[in-house]
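Chain residues, written in single-letter form:
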Amino acid sequence: MVSTHTTLYLRVSEAKELLAKDFNGKSDPYCVIKVDNVVIARTATVYKTLDPLWGEEFILHMPSGFQILSFYIYDADKVSSGDDIIGVASVTRDYMYENKNPKGLETWLPLQKANKDLEIQGEMLLEYGIRTSEATGQSYVFVTVMEGRDLAAKDKTGYSDPYVTVTCFDETKATSKQKKTRFPEWNETLEFSLPEDTCIADLSVIVTVWDKDNFSSDDFMGQIHLDSEDVTHGTIRNWHAVARRPTSDRWARRASRIDRGKIRVKLQLLEEIVLPSSCYRPLNELLADAVKMPTTPQSRDLGQLIWDLLEQDRTIELGAIAMSLVRFYLSQELIFEFLDAVILRDISKTDDVNTLFRGNTLATKAVDNFMKVLAMPYLQRVLKPPVDRIINEKKTVELDPFKVNSVRTRRHSLHRESEESFVNHSLEAVEDYTLEIVNSIVRSVTYCPQVLRRVLRNIQIRVREKWPEEMFEDVPYIAVSGFIFLRFFAPAVMSPKLFSLSDQHPSHKVIRTFTLLAKIVQSIGNLTPATLGKEAWMEPLIPLITQKISEVKEYLDTLVDVGDFSAAHRYLVRQQSNETVLIQGYLYKCHYHCKRLFRPIVLKKCYFYLTRVMLCYRKTPEDEDTMVMVDNICAVEKLDYGALGKSNMGQIIHKTSDESTAIIYFQAKDVNELTAWISAIRKTCKYNMCRIETFHPGVFKGDKWNCCRREQDIAPGCSPTYHGVVLGDWQDPLDPDVDAQIIYSQIAHSKDKIRKMQHDLRMTLAGNDPATTSVPSDSNDAAMASLALVSGLLDVTEQLAMSHQTFVESSPRLSHTCRSRSVSSNVSGDDILF
């Protein structure tokens with residue numbers, strides 16, 4: 001089966017010069033991210049500023065055929081009935097595709113005034129055509145408005161009151177109004193007489209969806225344009241996506257008069273056509289040969305060839321390539337061999353031990369991503385308690401005497417606390433926090449995944465092989481510490497939200513505390529306190545750091561004290577993969593019964609956790625888990641706000657032991673948590689045989705579904721299920737076909753370079769190289785071996801290219817997608833679409 005895999009790496013960095021929405025001349029801004037007007041994520045709120053700094057990163061698995069990515073900036077308002085919108089900026093898919101580069105597209109987007117007429121979504125099912133009356137011979141253009149689904153919610157109830165108008169030959173007719181629904185059904189036919197002198201080529205039919213309002217003008221919900229190519233003799237039945245209507249230049253000029261500020265984002269779009277698994281078999285075998293153990297000269301040379309190509313000539317960031325390689329080799333159970341091969345490559349290129357693993361190479365990026373894939377639960381278990389304590393205590397801490405006056409609060413000034421006293425209190429707090437963090441780390445060896453411990457042990461062994469001398473006794477410690485401390489623990493302390501250790505950004509004063517603690521953890525990880533010389537005000541911490549360095553060395557010794565890896569131990573990877581908790585946390589489980597009309601809806605807090613095998617939840621730690629096997633999950637979808645009058649709700653539709661269908665309704669605290677849970681569960685059940693095609697985004701209330709008004713409780717769903725995911729995660733289930741495709745696309749980008757290498761080697765062997773007068777036999781053998789490797793890689797690449805061409809040409813949808821990439825993006829008058 002061929003599929004399109006689209007991933008967007010997104011960083012919402014900051015905004016500047018925003019409009020002030022509060023009486024204090026400031027705003028409380030946050031950013032909502034929408035894909036085709038559907039909310040998929042939001043940032044945290046930054047209070048009392050016009051220049052917010054978010055620095056939040058998202059990995060978004062974009063829905064197939066998405067068109068526009070939008071950033072809505074709101075001002076949070078706890079007093080009024082709703083948050084004020086400051087402005088919006090949008091980017092088209094074509095623009096992202098045409099401007100992608102290995103480092104990503106980073107740009108400032110100007111904010112424009114939001115236009116409600118452009119916030120549309122949903123589809124309409126229409127029947128239309130031209131027919132002639134047998135009795136009179138008169139021809140008619142007819143449009144049968146069947147139904148709509150997933151229309152925009154225009155009312156505060158979370159629903160709309162939609163009706164449809166159809167305009168043809170300067171005549172407009174309307175359907176009836178449907179009350180309180182986003183999934184209306186009409187089945188009404190509107191006819192227009194076709195004048196005899198009408199040119200069919202000029203035929204135009206405009207279908208417009210409106211929301212009926214009793215006390216104001218009706219809201220525009222979308223429009224569909226049909227022309228002579230669509231409306232022909234006979235009957236055509238199609239779903240049509242509702243679209244924006246053209247905006248006038250006058251409105252665009254009026255909307256741009258006010259400077260609403262700018263938002264800085266970084267975008268990197270990765271769009272791949274994934275072929276059936278059989279097409280990637282030659283590439284899989286080639287990548288496996290590159291890391292086979294024991295490492296042979298041929299496999300080592302093949303690995304060097306591939307790693308060099310991926311590092312030097314690529315279209316995406318090195319970290320994304322490293323993640324695909326890690327996930328691919330995890331799926332092939334060759335992760336130890338791969339990491340060993342790239343680590344050896346780095347060590348062989350390093351002459352100065354002080355620069356070992358300090359750069360951003362394929363090896364360091366691969367180990368970084370390996371730790372994120374398999375050790376995030378370990379990181380959270382170790383650091384979340386101290387991080388929560390620091391955030392909750394909200395202490396003002398500063399050790400630099402030159403910055404004390406700028407951070408002391410009014411309370412300190414009233415008590416006339418001296419600078420020396422303030423620094424001493426800060427020192428006590430920092431030492432206390434450092435002790436808790438480091439003690440939590442050094443006591444956590446038993447919780448560290450065995451797979452990671454074996455990888456770290458192998459790194460230490462390889463370093464000792466390169467530098468066995470006694471004078472380099474500490475180098476193996478520094479190598480292991482460099483990964484686990486400098487690239488794992490210290491960054492997590494520095495930015496807890498980016499590592500899921502915190503739901504919100506800490507306040508500015510707490511951020512300073514985390515910055516100081518990250519410096520200390522980094523100094524301990526360097527295994528030498530001498531690095532504090534640049535910041536003399538940290539010298540009082542040297543005794544504590546020196547003490548903890550000895551404890552960290554003992555921790556490192558214990559951490560790598562595991563047996564050698566062998567083929568018999570590969571089950572550790574599979575076991576770790578199945579037992580790893582993909583997502584966990586507290587959700588509110590909804591006790592809803594459709595027959596209880598007058599009883600309030602009860603939401604009870606439950607602890608949920610998900611593995612690749614089961615979804616479990618319990619009310620209290622003492623309760624037994626209620627389990628739903630992942631194989632029995634049929635669909636996971638959002639619930640309309642109007643269904644129960646509550647926001648951020650989802651539903652899990654699953655099979656029970658008696659083969660009936662049950663629904664678990666749950667509520668998350670915000671859209672990010674809801675989307676994360678839905679995405680995580682969808683990833684685990686993407687291949688389930690029991691998946692359903694439609695669902696109800698509402699609930700059965702009284703005697704009917706409140707989404708589509710159908711009266712049978714077993715009525716088929718009114719909206720198609722969406723089994724794709726939105727938010728990405730380090731712990732996404734392994735999909736070797738997707739990762740093989742990403743690796744292939746990067747190798748294929750270097751095809752011309754591979755061909756040149758092949759040509760040069762052939763010229764050398766033929767003796768036609770002007771720079772070579774005589775070729776020794778050893779060199780000749782080496783050149784022949786290299787030619788075989790290069791030719792094999794080129795053959796696999798060209799074979800996959802032919803497979804892509806064959807499948808794309810046989811699929812009209814994929815052919816249309818590829819052709820559309822060459823179309824330049826248009827600039828709309830509403831909110832500058834890039």
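Notes on the structure in this doc start here.

Reading the values: rules and limits
Residues numbered from 1 in each chain as written. Predicted model: local features only at pLDDT ≥ 70, side-chain atom pairs only at ≥ 80, totals over all residues. Heavy atoms only, no water. Pairing = 2+ DSSP bridges. Helix = DSSP H or I, 4+ residues; strand = E, 2+ residues; numbered from the N terminus. Axes fitted to C-alpha atoms, helices over the stretch in contact; angles between N-to-C directions. Phe/Tyr/Trp six-rings, centres within 6.5 Å; stacked < 30°, edge-to-face > 60°. Buried < 20%, exposed > 50% of the residue type's maximum accessible area, 1.4 Å probe, protein only. Salt bridge = Lys/Arg side-chain N within 4 Å of Asp/Glu carboxyl O. Core = buried A, V, L, I, M, F, W, Y, C linked by side-chain atoms within 4.5 Å. Contact = heavy atoms within 4.5 Å.

The strands that make up a sheet are held in pairs by hydrogen bonds between backbone atoms, and each pair lies either parallel or antiparallel. Across the sheet, 4 strands lie side by side as β3-β2-β5-β6; this open sheet has antiparallel pairing. The open sheet has two free edges, formed respectively by β3 (38-42) and β6 (84-92), since each of these has just one partner strand. Here the strands of the sheet are splayed against their neighbours by 25 degrees on average, with no regard to which way each runs. Note that strand β2 (residues 29-35) and strand β5 (residues 68-75) share 7 bridges and pair antiparallel. Note that in β5 the partner of Pro29 across the bridge is Asp75.

Okay, the packing of aromatic side chains next. Applying the stated criterion across every chain, the model contains 16 aromatic pairs. Ring centres of Trp210 and Phe220 lie 5.9 Å apart, and the angle between their planes is 80 degrees; this geometry places the pair in the edge-to-face category. Placement of the pair is Trp210 in strand β13 (residues 204-211) and Phe220 in strand β14 (residues 219-227), with a sequence separation of 10 residues. Owing to a relative accessible area of 1%, Phe220 belongs among the buried residues under this scheme. Arranged with centres 6.1 Å apart and planes meeting at 75 degrees, the rings of Phe608 and Trp677 form a pair that is edge-to-face. A residue pair is termed long-range when its members are at least 10 positions apart, and Phe608 in strand β18 (residues 602-610) and Trp677 in helix α17 (residues 671-684) qualify at 69 residues. Taken as a pair, Phe608 and Trp677 share a single burial class, namely buried. Taken together, the aromatic side chains of Tyr378, Phe485, Phe488, Phe489 and Tyr555 make up a single cluster linked through ring pairs.

Applying the stated criterion across every chain yields a total of 36 salt bridges. Note that Lys497 is salt-bridged to Glu56, the shortest N-O span being 3.0 Å. Here Glu56 lies in strand β4 (residues 53-61) and Lys497 lies in the loop between α12 (475-494) and α13 (508-525), a separation of 441 residues in the sequence. Taking the relative accessible area as the measure of exposure, Glu56 reaches 2% and is therefore buried. For Arg755, the salt bridge is made with Asp752, and the minimal N-O distance between the two is 3.5 Å. With a gap of 3 residues between them, Arg755 and Asp752 both fall in helix α19 (residues 751-766), about one helical turn apart. One network of salt bridges, with partners in common, ties together Arg389, Glu393, Lys395, Asp432 and Glu436.

With 128 residues, the main nonpolar core has Trp307, Phe338, Leu383, Phe489 and Tyr555 as its most contacted residues. At 16 residues, helix α7 (residues 362-393) tops the list of elements feeding residues into this core. Contact partners of Trp307, with chain neighbours within four places excluded, come to Ala290, Val291, Leu325, Tyr329, Phe338, Val342, Arg345 and Leu362. Of all hydrophobic cores here, the second largest spans 31 residues; its members include Trp54, Leu69, Ile86 and Val91.

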